[in-house]
Amino acid sequence: LVFWHALGPCASGAELVELAPRLAARGVTPFSVDGPGFGASPPATDYDLESLATLLRATIDEIGLDRPILMGHSWGGAVVTTLAALHPSEARGLVLVDSGHIDYADLESARNSGTPRQWEWESRAAFTAWLEENLDRPTPEVLAGYGAGVLDRDGMVIGSSAQTMLQARDGLFDRLSPRWPALADVPVLLLLATAPPHGDQNREHLPKFQAAVPHADVRWVDGASHGVIADAGPPLGDEIAAWIRASGA
């Protein structure tokens, strides 16, 4: 399984930190990438979804994986959906975490979200305090996962660059809906937030996705915000692994 993370000032492939052991324990080998400009990866030149999908495909080839399951959260879900649609025979399955089922260009909240800011904290302690204030489950593992997505520089803690965030967000306006029919032969699991505002947004836009991808297994994660992985925690890894086995992926 190859995972691509969400956008955020402290985002990286370490978002999978709590799920990875549960997946591995049930026979699923997880790989997790830092998207370009996040974590330890250098920025990219192009952030349109097709360019990012091409980059991910090259990474999968470099690792030497054969038809992995593709998994993505938010931004990552848009990237892996694009890759699976472009090369459906190369995707054993698709796990979408509150993503891949919406054209972000149709969301007023996305179009009017303003210019991303450069996040900075005066110390690791201040960064950790900010996380604890904004997370429902600030477990040591979750804190360490987000901690992998920031840099220590001159005594400060620096988040992902505002320029990278802007380019990646703008790339999300590439429409996914024209690609959905290409997923006809790819097993799909869609895990959705239930808490507002994303739960309401999902209920409004889901029917269009279901009409195009009727075989998708759609599951609502009780009480979860858009940060489904951090909110649901390790049991989500068990659920994904069970779906992989049951679906034939």
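Here the structure is shown first, and the text comes after it.
Residues numbered from 1 in each chain as written. Predicted model: local features only at pLDDT ≥ 70, side-chain atom pairs only at ≥ 80, totals over all residues. Heavy atoms only, no water.

Turning next to the environment of Pro-116. With respect to the helices, strands and loops of the structure, Pro-116 is situated in the loop between α4 (108-111) and β5 (120-121). The sequence separation of Pro-116 and Phe-38 amounts to 78 residues, and the corresponding C-alpha distance is 15 Å. (Helix = DSSP H or I, 4+ residues; strand = E, 2+ residues; numbered from the N terminus.)

We now examine helix α8 (residues 198-212). Helix length check: α8 (15 residues) gives 21 Å between terminal C-alpha atoms against 21 Å at 1.5 Å per residue, within 8%. Among the residues of α8, Gly-199, Gln-201, Asn-202, His-205, Leu-206 and Phe-209 are the ones counted as buried. Packing partners of the buried residues in α8 comprise β4 (93-97), α4, β8 (188-193) and β9 (217-221). (Expected span 1.5 Å × (residues − 1). Buried < 20%, exposed > 50% of the residue type's maximum accessible area, 1.4 Å probe, protein only. Contact = heavy atoms within 4.5 Å.)

Quick look at the sheet that holds β9 now. Two strands in a sheet stick together by hydrogen bonds in their backbones, pointing the same way (parallel) or opposite ways (antiparallel). The strand order across the open sheet formed by 6 strands is β2-β1-β3-β4-β8-β9, and the pairing between neighbours is parallel. Strands with a single pairing partner mark the edges of an open sheet, and in this sheet they are β2 (31-33) and β9. Shown here is a sheet whose adjacent strand axes are inclined to one another by a mean of 15 degrees, direction ignored. Sheet topology places strand β1 (residues 2-4) next to strand β3 (residues 69-73); 3 bridges connect them, and they run parallel. Of the residues in β3, the one forming a bridge with Phe-3 is Met-71. Contacting β1, β2 and β3, helix α2 (residues 49-63) crosses the sheet at an angle of about 150 degrees to β1. Against the sheet, helix α3 (residues 75-86) contacts β1, β3 and β4, and its axis sits at roughly 150 degrees relative to β3. (Pairing = 2+ DSSP bridges. Axes fitted to C-alpha atoms, helices over the stretch in contact; angles between N-to-C directions.)

Moving on, we get to the pattern of salt bridges. Counted under the stated rule, the structure contains 12 salt bridges. Between Lys-208 and Asp-103 there is a salt bridge; the shortest N-O distance is 3.5 Å. Taken together, the residues Lys-208 in helix α8 and Asp-103 in the loop between β4 and α4 connect sequence positions 105 residues apart. Here Asp-103 falls in the buried class, since its relative accessible area comes to 3%. Across the pair Asp-152 and Arg-124 runs a salt bridge, and its minimum N-O distance is 3.1 Å. Here Arg-124 lies in helix α5 (residues 124-134) and Asp-152 lies in strand β6 (residues 151-153), a separation of 28 residues in the sequence. (Salt bridge = Lys/Arg side-chain N within 4 Å of Asp/Glu carboxyl O.)

Burial in helix α6 (residues 140-147) covers these residues: Val-142, Leu-143, Gly-145, Tyr-146 and Gly-147. Against the buried residues of α6 lie α5 and α9 (228-232).

This paragraph deals with the nonpolar core. With 40 residues, the main nonpolar core has Trp-4, Leu-56, Leu-70, Trp-75, Leu-94 and Phe-209 as its most contacted residues. Going through the elements one at a time, β1, α2, α3, β4, α7 (162-171), β8 and α8 are the ones with two or more residues in this core. At 7 residues, α3 tops the list of elements feeding residues into this core. Once residues lying within four places of it in the same chain are set aside, the contact partners of Leu-94 are Ile-69, Leu-70, Val-80, Thr-81, Ala-84, Leu-183, Val-186, Pro-187, Val-188, Leu-189 and Trp-243. (Core = buried A, V, L, I, M, F, W, Y, C linked by side-chain atoms within 4.5 Å.)

In this structure, Ala-232 sits in helix α9. Residue classification places Ala-232 among the partly exposed positions, given a relative accessible area of 24%. In the structure, Ala-232 is positioned 213 residues away from Leu-19 in sequence and 9.7 Å away in space, judged by C-alpha atoms.

Such coordinate-based values are descriptive only and should not be taken to indicate function.
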